[in-house]
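# Structure at a glance
The lines below spell out each chain.
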Amino acid sequence: MIRTRGLTRNFKVKRQIVEAVRGLDLDVEKGELVAFLGPNGAGKSTSLRMLTTLLRPTSGEARIAGHDVLSDAAAVRRRIGYVGQGNGAGPYFRVRDELVTQGRCYGFSAEVSRRRADDLLGTMELEDLANRDAGSLSGGQRRRLDIALGLVHQPDLLFLDEPSSGLDPQNRANLWEHILRLRDLLGTTVFLTTHYLEEADTKAERVVVIDHGRIIADDTAERLKADLAGDHVTVRTDNPARTARIADRIPSTRGVTVDGDAVRMAVPDGAAVLPVLLRALDAATVDVRSAEVQRPTLDDVFLALTGRSLREAEGVPA
Ligand SMILES: Nc1ncnc2c1ncn2[C@@H]1O[C@H](COP(=O)(O)OP(=O)(O)OP(=O)(O)O)[C@@H](O)[C@H]1O
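Everything quoted here is computed from the prediction, not taken from an experiment. (Residues numbered from 1 in each chain as written. Predicted model: local features only at pLDDT ≥ 70, side-chain atom pairs only at ≥ 80, totals over all residues.)

With that settled, the discussion passes to the site of the ligand. Inspection of the region around the ligand gives Phe 11, Val 13, Val 18, Ala 20, Gly 38, Asn 40, Gly 41, Ala 42, Gly 43, Lys 44, Ser 45 and Thr 46 as its neighbouring residues. When contributions to the shell around the ligand are tallied by element, the ones reaching two or more residues are β1 (2-13), β2 (16-28) and α1 (44-51). Examining the composition of the shell around the ligand, we find that three residues originate from one element, α1, more than from any other. Here the residues of the shell around the ligand sort into five nonpolar, six polar and one charged. (Near = placed C-beta within 6 Å. Helix = DSSP H or I, 4+ residues; strand = E, 2+ residues; numbered from the N terminus. Nonpolar A, V, L, I, M, F, W, Y, C, P; charged D, E, K, R; others polar.)

Below is the structure:
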C-alpha cells in the first residue's frame, strides 16, 4: 500500500541545507496499522506530506497503492484520506450535514452521500451526535468527526497526523478503539504519527521509529523491546554485594548495579532469569526481600538506539 525507496527531502534555510528526510525505505501492506514515532523535527510531517502529495520529494520515489506520488498525484489522492492536526469541519454545520456535503464535494450523488454519511456515523459511533453543530462537540468527538470526514470517499489508506494530541487519556483510548474498529470494519490501512510512546507501544501493531530523517527501527513494539532493550530485574536482599556477584555469574545478565539493598540488572527475558537467580541466591543463603521484573518501554528502545531518551528529547508525556 505504501512503498518508498530512498525518499529524501531537503530544505534550504539561509543557504544551509536541512536534510529533513534522508533516504526513507518503507513498505506498508494493506490492512496494517502503523505508528510513525520520533522526536520533534525527526521528519515525520515531512514524510507524511510527501506521501500525501502535498510536498515534492527532493529525490527517491514513493508509490501509494501502486501510484507514483509525483507522476500520478491525482490517483494517489483518490486512494488516500488525510486527517491533519486542524479541525476539518466548520463549527456551525451539523455533523451529518458536514459528512453529506463532503460526499457531494467528492462528486457523489445526494443519495450516495447520505448513505455514506450514515454509514460513517455508525462506524465512528457518532449517531447520537448527528444533528449537533460540529462546534459543540468535545475534542474527542470532534476528532472522530474529522476522521469520518477523511473516510467519505472510502480511501484504502488513511493518514492521521497526531490524531490523539491534545486529548485526555480517556478520549485518547476511545479514539484508538475507533481507529482499530474502522480498520477491522472497513479494512482501511492506517498510518499515523504520534508523540505518545505509550499508545504506540500498546495500540499499534507496528512501530516505525524515525530520527534525524532516517528510519532507525521498524517492527512490532514487543519485538523492538525484546531485541533492543530487554527486561530489567531488581532484587532487594540482605547482602547486595554477594547478590551482585551471583547475578554477574548468570550468563545472560548485563549491567549489574547495586543501589542500597537493591541489585538491578538487564536481561533478555526477565521471567526466565528470575527463577534461576532466586534459586542461586537461596543456595547461597542470601535472604531475598523482594524481586520484580520491569518490562522495557519504547523509550528504552529509543535510548538503546540513539543514546538519547525520546521523552527527554520531546519534553512530552509518554
Ligand atoms: N518548510 C520548511 N522549511 C525549512 N525547514 C523545514 C521545513 N519543514 C520542515 N523543516 C525542517 O525539517 C526537519 C523535519 O521537520 P518535520 O516537521 O518533518 O519533523 P516532525 O518529526 O514532524 O516534527 P514534529 O514532531 O515537531 O512535528 C526539521 O529540522 C524542520 O525544522
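Further notes follow.
So, on to the nonpolar core. Counting residues in each nonpolar core, the largest one holds 66 residues, and the members touching the most others are Ala 148, Phe 191, Ala 200 and Val 207. The leading source of residues in this core is strand β3 (residues 33-37), at five residues. Membership of the second largest hydrophobic core comes to eleven residues, among which are Val 233, Val 263, Met 265 and Val 273. (Core = buried A, V, L, I, M, F, W, Y, C linked by C-beta atoms within 7 Å. Buried ≥ 20, exposed ≤ 12 C-beta atoms within 10 Å, placed from the backbone.)

Moving on to the domain arrangement of the protein. You can read the domains of the protein as domain 1 (2-225) and domain 2 (231-295). In this structure, domain 1 and domain 2 have C-alpha centres spaced 44 Å apart. (Domains from an automatic or database assignment.)

The next subject is the environment of Pro 163. Along the chain, Pro 163 turns up in the loop between β7 (157-161) and α6 (169-186). Sequence-wise, Pro 163 and Asp 259 are 96 residues apart; in three dimensions their C-alpha atoms are separated by 41 Å. If we skip the residues at most four places from it in the chain, Pro 163 touches Val 83, Arg 143, Leu 175 and Leu 192. (Contact = placed C-beta atoms within 7 Å.)

Before going further, it helps to spend a moment on the sheet that holds strand β11 (residues 231-237). Taken in spatial order, the four strands make up an open sheet running β12-β13-β11-β14, and their pairing is antiparallel. Where the open sheet ends on each side, the last strands, each with one partner, are β12 (254-259) and β14 (288-294). Between one strand axis and the next, the sheet turns through 15° on average, direction left out of account. Pairing analysis gives six bridges linking β11 to strand β13 (residues 262-267), with the strands arranged antiparallel. Considered in β13, the bridge of Asp 231 is made with Val 267. Across the sheet, helix α9 (residues 240-249) is in contact with β11, β12 and β13; its angle to β12 comes to roughly 175°. (Pairing = 2+ DSSP bridges. Axes fitted to C-alpha atoms, helices over the stretch in contact; angles between N-to-C directions.)

Even without a glycine there, the phi angle at Lys 14 is positive, about 50°. Considering the arrangement of structural elements, one finds Lys 14 in the loop between β1 and β2. When the 5 C-beta atoms within 10 Å are taken as the criterion, Lys 14 is described as exposed. Despite not being glycine, Gln 154 has its phi angle at roughly 55°, a positive value. If you trace the backbone, Gln 154 turns up in the loop between α5 (139-150) and β7.

Right, let's talk about α9 for a bit. Where α9 is concerned, the buried positions are Thr 243, Ile 246 and Ala 247. Viewed end-on, α9 has its buried residues packed into an arc of 100°, placing them on one side of the element. Opposite its buried face, α9 presents the exposed residues Ala 241 and Arg 249, each directed more than 90 degrees away. Packed against the buried residues of α9 are β11, β12, β13 and α10 (270-283). (Arc of directions from axis to C-beta.)

The antiparallel open sheet is built from four strands, whose spatial order is β2-β1-β4-β5. Both outer strands of the open sheet, β2 and β5 (67-68), are each paired with one neighbouring strand and no more. Note that β1 and strand β4 (residues 59-64) share five bridges and pair antiparallel. Bridge assignment links Ile 2 to a residue of β4, and that residue is Ile 64.

Before going further, it helps to examine the pairing of strand β9 (residues 206-211). Buried residues dominate β9, accounting for five of its six residues. Looking at chain direction, β3 and β9 are connected through four bridges and run parallel. From the neighbouring strand, Phe 36 faces β9, where its bridge partner is Val 208. Judged from the five bridges that link them, β9 and strand β10 (residues 214-219) form a sheet pairing that is antiparallel. Opposite Ile 210, over in β10, you have Ile 215 as the bridge partner. Counted along the chain from β9 to the antiparallel partner β10, the turn is two residues long, and its residue His 212 has a positive phi close to 50°.

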